[in-house]
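# Survey of secondary and tertiary structure
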Amino acid sequence: MKSKLPHIPLTRPSTPPFAEVAPHLKKVAASGFLTNAGYVRKLEDRAARMLDVPHVVAVSSATSGLILTCKLLGLTGEVIVPSFTFFATVHGLVWNNLTPVFCDCDPQTFNADPESVERMITRRTSAILAVHVFGNPANIAALARIAREHKLKLLFDAAHGFGSAYRAKPLGRYGDAEVFSLSPTKLAPAGEGGIVTTRSRKLANELKVARDYGNPGDYNCSFVGLNARMAEWNAVFGWAALNRMPQLAHRRRRLAERYKKNLAGLPGLSFQSIPENHLSSFKDFVIMVDPRRAGLSRDDLAQFLAARNIDTRRYFFPPVHRQTAFRRFAKRGQKLPVTDFVSRNILALPLYSHQQTAEIDRVVQTVIACYRKHGTQS
Ligand SMILES: *Cc1c(COP(=O)(O)O)cnc(C)c1O
């Protein structure tokens, strides 16, 4: 069916008005410094103040940030990581020849389940790499306790973490390091980019060398790093995005609340639960559709919405431990029942920071119409 209804995309980058960034781009062009210079410093300073963390190192992407951070922390052997995440979380490990050991997620928060994490620890485990899934802060207290007791490093993939808060404080200060993304679908889009945040001056200094090939400045390479520098053009957009981020994150949360209020009560439909005292960035707004109670599946719903020109994404599906590149790491016979259930029944609905409420309302009305046609009547 070809729909004439206006298209609703899953997401759109909230870039600043071009007139706002143009003078800065012009300055970059005139300066002759196109990468890793003044605007990268500006971005790092702005992020450090906003996240209230002592050290921020900008890199070319969260993926390169994860790769370098895992290397510099000297991780060895096995690292415990949730399977319910975006695959790039695990790239950081595999590029370092580390073995990802997948843990299960919590059925309500969709974040790494601390009990499952603890069960996966062996003599070879060197670290836990947790994720703030869709911007919902991980169970940091429980993971920090486990890391302390077992003398493991603790890292966070905070790619979704701009705009989130854990016990009313921004993410970025937790564990040995956190890695944020500034890629186009994230809350502060720079085009491409990432930042690593840490309380360790030593790690921050090493990262600055590592992102520049491993060149400490005298062209006598001290170790094999990467070219993971951020270009100045990206830094201008990232810096401008951070300046607008608090308002945009606030707006996005209001839109997510509107979804929740208007979809609440549909049979078998549930939301990611955000524990009290925490704030989610809602990098993605997801619903879970339990087909036994809803009388329809998330795939039915996705099709119904697609036919009416509304984009959705089965996110994250398949889970990492079932993907072609990663299933060899899944322990034989290992079951991740919660991850499989969540991954099979989850659907991301359109959400972006400057979205109009009328779009949200049309998505809600279409979901309700799908229930009327196919689902269990409430
Ligand atoms: C986007 C994303 C990444 C990768 O970020 P890039 O900046 O694109 O490299 C890593 N982890 C998660 C959870 C992500 O969503």
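Please read all numbers here as calculations on a predicted model, not as lab measurements. Residue positions are given per chain, counting from 1 as you read along its sequence in written order. Owing to the predicted nature of the model, reporting of local features is limited to residues with pLDDT of at least 70; listing and counting of side-chain atom pairs is limited to 80 or more, with chain, interface and lining totals taken over all residues. Think of the side-chain values as coming from all heavy atoms in the structure, minus any hydrogens and water.

### A few points about the pairing of strand S5 (residues 153-157)
Three exposure classes are used, based on accessible area relative to the maximum for each residue type with a 1.4 Å probe and protein chains only: buried under 20%, partly exposed in between, and exposed over 50%. Numbering of helices and strands runs from the N terminus, with a helix taken as a DSSP run of H or I at least four residues long and a strand as a DSSP run of E at least two residues long. The buried fraction of S5 amounts to four of the five residues, a majority that puts the element mostly inside the structure. Sheet topology places strand S4 (residues 125-131) next to S5; five bridges connect them, and they run parallel. From the neighbouring strand, Leu129 faces S5, where its bridge partner is Leu155. Here a strand pair is declared whenever DSSP counts at least two bridges between the two strands.

### Re the pairing of strand S9 (residues 194-198)
Among the five residues in S9, five count as buried, and that is most of the element. The side-chain alternation of S9 yields two buried faces, one formed by Gly194, Val196 and Thr198 and the other by Ile195 and Thr197.

### Thoughts on the pattern of salt bridges
Close approach of charged atoms lets side chains of opposite charge pair. Every case where a carboxyl oxygen of Asp or Glu lies within 4 Å of a side-chain nitrogen of Lys or Arg is listed as a salt bridge. One pass over the structure, following the stated rule, counts 13 salt bridges. A salt bridge links Arg258 to Asp361, with the nearest nitrogen and oxygen atoms 2.8 Å apart. In this pair, Arg258 is assigned in helix H8 (residues 232-263) and Asp361 in helix H12 (residues 357-374), connecting sequence segments 103 residues apart. With a relative accessible area of 33%, Arg258 lands in the partly exposed category. Take Asp361: its relative accessible area is 26%, and that puts it in the partly exposed class. Among the ionic pairs, Arg322 bridges to Asp340, the shortest N-O distance being 2.8 Å. A residue pair is termed long-range when its members are at least 10 positions apart, and Arg322 in the loop between helix H10 (298-307) and helix H11 (337-345) and Asp340 in helix H11 qualify at 18 residues. Judged by its relative accessible area of 15%, Asp340 falls in the buried class. Residues joined in a network through salt bridges with shared partners are Arg41, Glu44 and Arg211.

### Observations regarding the site of the ligand
A cutoff of 4 Å decides nearness: a residue is near a molecule or strand if any of its heavy atoms lies inside that distance of it. In the neighbourhood of the ligand, 14 residues make up the surrounding shell, with Thr63, Asp157, His160, Ser181 and Lys186 lying closest. Contact between the ligand and Thr63: an oxygen atom at 2.5 Å from a side-chain N or O atom of the residue. Note that accessible areas follow from Shrake-Rupley with a 1.4 Å probe, and for residues the cover is restricted to the protein chains shown. Relative to its unbound accessible area of 380 Å², the ligand is 92% covered by the protein chains. In this structure, the ligand is accommodated by the largest pocket. What qualifies as a polar contact is a pair of N or O atoms within 3.5 Å, subject to a donor-acceptor requirement within protein and to the restriction that residues adjacent in sequence count only when both atoms come from side chains. Within this scheme a cavity is a closed region of a 1 Å grid, computed over the protein atoms alone, that accommodates a 1.4 Å probe without allowing it to escape, whereas a pocket is open but has protein on both sides within 12 Å along at least five of seven lines; lining residues each have an atom within 4 Å of a point. Cavities and pockets are treated as containing a molecule whenever more than half of the molecule's atoms lie within 2 Å of their grid points.

### Digging into empty space enclosed by the protein
Grid points are joined across faces, edges and corners, and a volume is the space filled by probe spheres set on the points. Tallied over the entire structure, the rule returns one cavity of 30 Å³ or more. Taken together, Thr11, Arg12, Pro13, Ser14, Pro184, Thr185, Lys186, Leu187, Pro189, Arg252 and Ser353 make up the lining of the largest cavity. Looking at the lining of the largest cavity, its residues break down into four nonpolar, four polar and three charged. Classification convention: Asp, Glu, Lys, Arg as charged; Ala, Val, Leu, Ile, Met, Phe, Trp, Tyr, Cys, Pro as nonpolar; all other residues, Gly among them, as polar.

### Some thoughts on the layout of surface pockets
The calculated volume of the largest pocket comes to roughly 350 Å³. Contributing to the lining of the largest pocket are 29 residues, with Phe86, Ser183, Thr185, Lys186 and Tyr315 lying nearest its centre. Counting only elements with at least two residues in the lining of the largest pocket, the list comes to helix H3 (62-72) and helix H4 (88-94). No other element matches the three residues that H3 contributes to the lining of the largest pocket. Of the residues that constitute the lining of the largest pocket, the class distribution is 12 nonpolar, 10 polar and seven charged. By volume, the second largest pocket is sized at about 160 Å³. Residues belonging to the lining of the second largest pocket are distributed by class as follows: six nonpolar, four polar and three charged.

### Topic: the sheet that holds S5
Read from one edge to the other, the open sheet built from seven strands follows the order S1-S9-S8-S5-S4-S2-S3, with strand pairing classed as mixed. Each of the sheet's edge strands pairs with one partner strand only, and the pair in question is strand S1 (55-59) and strand S3 (99-103). In this sheet, neighbouring strand axes are inclined to one another by 25 degrees on average, regardless of whether the strands run parallel or antiparallel. With three bridges connecting them, S5 and strand S8 (residues 177-181) associate as parallel partners. Bridge pairing links Asp157 to Val179 in S8. Two residues form a contact once any of their heavy atoms are found within 4.5 Å. Whenever a helix is involved, its axis is fitted only over the stretch in contact; in every case the axis is a line through C-alpha atoms, and angles between N-to-C directions fall within 0 to 180 degrees. Strands S1, S8 and S9 of the sheet are contacted by helix H2 (residues 38-51), whose axis makes an angle of about 135 degrees with S1. Helix H7 (residues 201-210) contacts S1, S8 and S9 of the sheet and is inclined by roughly 20 degrees relative to S1.

Note that every value here comes from positions in space, so none of it alone points to a role or purpose.
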